Structures are given as structure tokens and as C-alpha cells.
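As a plain string of letters, each chain reads:
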Amino acid sequence: MKSSIIDSIKSLPPLSATIVEINRIYADESSTIKDMAKAIEHDPMIIANILKIANSPLYGFGKEIKNAAQAVSLFGMNMTRTIALGNSVKKLLNVDMQPYKITSEEFAHISSLQATLMFNWYMKINKHKAEELYLAAFLQETGKILIASEIIQNDETISFASEIENSNNIATVEKAYLDATSGEVTALVFKHWGFESDFIEMIKYSDNPSEAPDDIKEFSTALNIIKTIVPINKPFSEMSINFGLKKASDAGYNVALLEEAIAQTQTADSLNT
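Below is a summary of the structure that appears in this document. (Residues numbered from 1 in each chain as written. Predicted model: local features only at pLDDT ≥ 70, side-chain atom pairs only at ≥ 80, totals over all residues. Heavy atoms only, no water.)

Now for the overall build of the protein chain. Within the protein chain one finds 15 helices and zero strands. Taken over the C-alpha trace, the protein chain has a radius of gyration of 18 Å; the compact-globule value for 273 residues is 19 Å, and the two agree within 12%. Considering only C-alpha atoms, the protein chain reaches an extent of 50 × 45 × 40 Å along its principal axes. Scored against the burial criterion, the 273 residues of the protein chain give a buried share of 52%. In the protein chain, once contacts between residues fewer than 6 apart in sequence are set aside, the share between residues at least 24 apart is 64%. Accessible surface, the protein chain as shown: approximately 12500 Å² in total, 51% of it carbon and sulfur. (Helix = DSSP H or I, 4+ residues; strand = E, 2+ residues; numbered from the N terminus. Rg over C-alpha atoms; globule rule 2.2 N^0.38 Å. Buried < 20%, exposed > 50% of the residue type's maximum accessible area, 1.4 Å probe, protein only. Contact = heavy atoms within 4.5 Å. Areas by Shrake-Rupley, 256 points an atom, 1.4 Å probe, with all protein chains shown as cover.)

Dropping the structure here:
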């Protein structure tokens with residue numbers, strides 16, 4: 001990994017006091033939904049984002065969600081934490097995704113689609129694992145923000161964007177330019193911010209799950225399948241879906257469950273656009 005990327009990570013500002021409190025509450029087994037709602041009630045940006053997502057067809061709650069307490073009660077602590085973190089992380093980082101030929105809004109939408117697909121899929125497999133993987137899927141592409149910044153600074157936007165546009169393996173392109181994949185960069189970002197080791201490791205190996213330690217291999221494999229189906233350059237393309245289903249089959253998953261989750265996520269997304 002280039003030293004300039006490492007320096008960029010080391011210079012990242014700390015997470016906000018609200019996020020630190022959210023993480024503390026999440027880690028405390030005695031905390032309640034009420035504690036989580038109270039933690040976010042003084043942060044208008046987080047509340048606005050949570051309410052926007054809560055009222056999106058992607059989640060299909062079926063009624064208008066009007067306040068933070070309602071949203072937190074419906075989402076639960078893990079998903080509330082995920083949404084708050086996603087909002088704050090992208091706010092902290094300078095989001096210019098030009099090298100990937102997408103806008104910051106498209107990047108945020110793809111992150112949400114990856115998380116939603118993961119949740120829809122893994123809820124059919126294991127609820128506890130679904131909740132763990134939701135956060136990782138939502139944030140696993142964070143490193144692309146720093147990679148994009150590095151590419152822009154090195155005046156390599158045109159060549160990088162051209163390769164990304166036509167690539168079926170974005171991680172290979174990233175590795176060629178920066179000697180690091182997005183998963184590896186993302187892992188270092190969250191290590192810098194003091195996240196739990198399992199979360200960091202599953203993302204670190206998400207571009208190369210065969211190398212993952214046995215205890216997190218399933219999680220890294222699932223993340224890799226999701227980013228294969230919903231890559232930032234060809235989300236839900238026929239080719240991307242077929243590649244992802246092949247990976248799932250090779251990993252021993254019930255492919256029919258993943259196909260159901262893809263259809264479910266695509267239908268909800270079409271209602272949201």
C-alpha cells in the first residue's frame with residue numbers, strides 16, 4: 001500500500017461525539033432502544049438521514065415514520081448504528097468519486113443497495129449474522145473515497161476511470177494503481193477509528209476471501225459476493241449477477257435464496273427511483 005494512502009488515513013479526523021456515544025451504547029449489552037434514540041436526538045443530520053431511509057420503499061415499513069424514536073424502534077440498534085455511521089463517515093471524508101465515474105450520490109446509493117441486498121439475503125440464512133454483515137456491507141466501499149482522492153492527486157483520473165468502467169474485477173485495478181484494494185484501505189480506516197477486530201478483518205479480506213482466517217471466511221466471502229453483484233460500475237447488471245451467483249454456488253450457498261434476495265432488492269429499488 002502506498003505510503004501516501006497510509007498518511008491520509010492517519011490524518012483522518014476523529015469520529016463525532018455522537019458516533020462515539022452510539023458505539024458505546026451498541027457495545028453495552030444493558031443499553032436499550034431508548035438509549036440509542038436519545039444518543040441521536042441532538043444530531044439533526046443523523047435524524048434526517050435515518051427518517052429518509054426509514055420512509056424509503058427499500059424497507060417497506062408500510063407507514064410514515066415521523067420521529068427518531070419510531071425509526072430506532074423499527075430498525076433496531078444495529079441498523080440505526082449502521083445508518084448513523086454511514087452518514088457520518090461520508091460527511092467526514094471528501095467525497096469526489098470521479099475516478100470511479102459515479103457521483104457521490106450514486107456512491108451512497110450503491111452502498112445502501114449492497115447493505116440492503118446483504119440483509120435481505122442473510123435474513124434467510126441467519127438473523128444474527130445478517131445484522132453483523134449489514135454494517136460491513138454498508139461501509140465496505142469506504143476506502144474507495146480515499147483511493148479516488150489519491151488517483152485525482154496523481155492526475156490519473158482518466159486512465160483509472162477507463163479501466164474501472166470496463167473491469168469485471170475492480171479490486172485488480174485498484175491494486176495495480178495503489179498496491180491496495182478498497183477492502184484493505186477500508187479496514188485500515190476503521191482500525192484507525194478503533195472498531196472491533198472482527199469487523200475490520202472481514203472487510204480486509206472481502207476482496208480476497210480465500211485468504212481470510214477461518215473464523216471470518218464466511219463473512220468475507222459474503223461481502224465479496226455482494227460487491228460482485230452490486231459493483232459500483234455495473235450494479236445489478238446481468239453479468240454481475242451471474243458472476244455473483246457463481247461465487248455463491250462455489251461457496252456452497254443455496255443460490256435460490258440469493259436469487260430471491262436480488263429480486264426483492266431490485267423491486268424495492270425500482271419503487272424508490
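Let us keep going from here.
On to the packing of helix 9 (residues 157-166) against helix 10 (residues 170-178), then. At a closest axis distance of 9 Å, the pairing of helix 9 and helix 10 adopts a crossing angle of 155°. With respect to their mutual orientation, helix 9 and helix 10 come out roughly antiparallel. Considering the relative orientation of helix 9 and helix 10, their crossing is right-handed. Packed against helix 9, whose contacting residues are S159, F160, E163 and I164, the element helix 10 presents I170, V173, E174 and Y177 at the interface. (Axes fitted to C-alpha atoms, helices over the stretch in contact; angles between N-to-C directions. Parallel < 35°, antiparallel > 145°, perpendicular 65-115°, else oblique. Left-handed = near helix turned anticlockwise from the far one by under 90°.)

A contiguous patch of negative charge on the surface is contributed by E132, D198, D214 and D215. Mapped onto the fold, D198 is located in helix 12 (residues 197-204). (Patch = residues over 30% accessible without salt bridge, like charges linked within 9 Å, V, L, I, M, F, W, Y side chains within 5 Å. Salt bridge = Lys/Arg side-chain N within 4 Å of Asp/Glu carboxyl O. Lys, Arg positive; Asp, Glu negative; His and termini not counted. Charge placed at Lys NZ, Arg CZ, Asp CG, Glu CD.)

As a further point, take the environment of N169. Looking at the element boundaries, N169 is found in the loop between helix 9 and helix 10. Residue class for N169 comes out partly exposed when judged on its relative accessible area of 40%. A polar atom in the side chain of N169 sits 3.1 Å from the side chain of T172. (Polar contact = N/O pair within 3.5 Å; in protein donor to acceptor, adjacent residues only side chain to side chain.)

Turning to the packing of helix 7 (residues 127-139) against helix 13 (residues 217-229), a few remarks are in order. As a packed pair, helix 7 and helix 13 sit with axes 11 Å apart at the nearest point and diverge in direction by 55°. Relative to helix 13, the element helix 7 is oriented oblique. Helix-helix and strand crossings are classified by hand; for helix 7 and helix 13 the assignment is right-handed. Residues K129, E132, L133, A136 and A137 of helix 7 form the contact with helix 13, whose own contacting residues are E218, F219, A222 and L223.

Position of D7 among the secondary structure elements: in helix 1 (residues 3-10). Under the relative-accessibility criterion, D7 is labelled partly exposed at 47%. Taking the C-alpha atoms as reference points, D7 and Q153, 146 residues apart in sequence, are found 14 Å from one another.

Note that all results are geometric; they support no functional claim without further evidence.
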